[in-house]
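Here's the letter readout for the chains.
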Amino acid sequence: MPKGQRSPDRLAGTERSALSGFDELTIGASGAEARRASEWLDTTCRQRNVPQALVERLALCLHEVLANVIAHGGGTALSAPIRLLLEVRLEQDCSKASVTVSDAGIAFNPLLVPKRVLPKTLSEASAGGLGLVMIRRCSDWLDYRHEDGRNHLTFGTRWNLR
Amino acid sequence: MSISYDDIGDNLRRIVISGRLDVPGTDSVAAKLGELIAAPKKGVVVDLSTLQFLASIGIRALITSAKAVQQRGGKMVLVVDGGSSVLMSLEATGVDQLIPVFRSAADAERAAVA
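Residues numbered from 1 in each chain as written. Chains lettered and ligands numbered in written order. Predicted model: local features only at pLDDT ≥ 70, side-chain atom pairs only at ≥ 80, totals over all residues.

J.: Before we go on, may I ask you to explain the interface of chain B and chain A in this structure?
T.: Interfaces are often described in size by the accessible area the parts lose on coming together. With 22 residues of chain B at the interface, the matching set in chain A holds 22 residues. For the side of chain B that touches chain A, the secondary structure elements donating two or more residues are helix 1 (23–37), helix 2 (56–71) and helix 3 (85–92) of chain B. Residue contributions to the side of chain B that touches chain A peak at nine residues, all from helix 2 of chain B. In terms of residue class, the side of chain B that touches chain A is made up of 11 nonpolar, seven polar and four charged. (Contact = placed C-beta atoms within 7 Å. Helix = DSSP H or I, 4+ residues; strand = E, 2+ residues; numbered from the N terminus. Nonpolar A, V, L, I, M, F, W, Y, C, P; charged D, E, K, R; others polar.)

J.: Where do I start with the environment of B:F53 in this structure?
T.: All names here are of chain B. Tracing the backbone shows F53 in strand 4 (residues 51–54). Taking the C-alpha atoms as reference points, F53 and S89, 36 residues apart in sequence, are found 8.5 Å from one another. Residues contacting F53, with those up to four places away along its chain left out, are R20, L21, D22 and S85.

J.: How should I be thinking about helix 5 (residues 130–138) of chain A in this particular structure?
T.: Two residues of an α-helix separated by three or four positions point the same way, owing to the 3.6 residues in each turn. For helix 5 of chain A, the set of buried residues is A:L130, A:G131, A:M134, A:I135 and A:C138. Seen along its axis, helix 5 of chain A keeps its buried residues to an arc of 140 degrees; they face one direction. The secondary structure elements touched by the buried residues of helix 5 of chain A are helix 3 (52–72) and strand 5 (150–159) of chain A together with helix 2 and helix 3 of chain B. (Buried ≥ 20, exposed ≤ 12 C-beta atoms within 10 Å, placed from the backbone. Arc of directions from axis to C-beta.)

J.: Teacher, can you tell me more about the pairing of strand 5 of chain A here?
T.: For a regular strand, side-chain orientation follows a simple rule: the groups alternate between the two sheet faces. Residue and element names in this part refer to chain A. Sheet analysis places strand 3 (residues 95–103) next to strand 5, joined by nine bridges and oriented antiparallel. Opposite V99, over in strand 5, you have F155 as the bridge partner. Two strands pair when backbone bridges link them, and strand 4 (residues 141–147) and strand 5 are joined in this way by seven bridges, in the antiparallel orientation. Looking at strand 5, one finds that Y144 is bridged to L153. Joining the antiparallel neighbours strand 4 and strand 5 is a turn of two residues, in which D148 adopts a positive phi near 55 degrees. (Pairing = 2+ DSSP bridges.)

J.: Even after reading the chapter, I still don't get the sheet that holds strand 4 of chain A, so can you show me in this structure?
T.: Sheet strands pair via backbone hydrogen bonds, and the direction of the pair is either parallel or antiparallel. Residues and elements named next belong to chain A. Sheet architecture is open: five strands sit in the order 1-2-3-5-4, paired in antiparallel fashion. Looking at which strands have only one partner, the edges of the open sheet turn out to be strand 1 (21–27) and strand 4. The mean inter-strand angle of the sheet, taken between neighbouring strand axes irrespective of direction, is 15 degrees. Across the sheet, helix 2 (residues 31–47) touches strand 1, strand 2 (82–89) and strand 3, and the angle it forms with strand 1 is around 165 degrees. (Axes fitted to C-alpha atoms, helices over the stretch in contact; angles between N-to-C directions.)

J.: Explain the nonpolar core here, please?
T.: Nonpolar side chains in soluble globular proteins tend to end up buried together. In this structure, A:L58, A:L62, A:L66, B:V46 and B:I99 are the most contacted members of the largest nonpolar core, which totals 72 residues. No other element matches helix 3 of chain A, which puts 10 residues into this core. Ignoring any residue separated from it by four or fewer positions in sequence, one finds A:L58 in contact with A:L41, A:C45, A:A97, A:V99 and A:T157. (Core = buried A, V, L, I, M, F, W, Y, C linked by C-beta atoms within 7 Å.)

J.: What is the right way to look at the packing of helix 2 of chain A against helix 1 of chain B in this model?
T.: Viewed as axis vectors pointing N to C, helix 2 of chain A and helix 1 of chain B meet at an angle of 130 degrees, and their least axial separation amounts to 7 Å. By the angle between their axes, helix 2 of chain A is oblique relative to helix 1 of chain B. Facing A:G31, A:A32, A:A34 and A:R35 of helix 2 of chain A, the residues of helix 1 of chain B in contact are B:V23, B:P24 and B:D27. Class assignment of the residues belonging to the contact of helix 2 of chain A with helix 1 of chain B gives a composition of four nonpolar, one polar and two charged. (Parallel < 35°, antiparallel > 145°, perpendicular 65-115°, else oblique.)

From the geometry alone we can't say anything about function, so treat these as descriptive.
Structure follows, in structure tokens:
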């Protein structure tokens, strides 16, 4: 348990309620900004008592989503702000943390991309396309909608406080 | 972000990468990694035990490096801290099944030149 974090099963209902909530960040589309988003996610999740192992999974997903927007989102994605929304719900039975990334780039629904068969040997391995593999493996759920000219991709993790 | 190396005898090169292999981190070391990998050593150990974060762009650089070593008849292996998110990245993408991963530097060095 990282310093400053309380064991989740010791949290009273009022504390769980106080730690639950939303946080937002707006960033530009660049590698440096993706790193700033990672730092924000880490700090904010710690403050809201999200287990560190899950924060690391969310951070990987966030980085991969942002890298994809930067590389493939097109000119609009690069010139418009990217909005991030972190939602944490601490409940006794099932807690959840999710991140929604909203960007103005080319519409892209990752849920429609067929799952990739992982190579068995190094010779078969392709160096690209691993970002979506990582997002799928590190998140417990994915949601996507395209609304008002923006992609809204949500990924999340859940855990049990008991 | 840092990358350094030392040669252990004639056949083995150890490359140590620290920091974050995210987009900016990988951009800053990719060219140097390619240069270090190109040395005609039989075995290459890439030590990631002090790496804090490994994104897919960093994994891509590792796959490209491992293939380059393999194509000249050598072998590249990794050293990773067991409880780290770096191992999680390798496992999530299945790359731990393609490039041998060790917790101990000594084991990695033996495997690289075996």
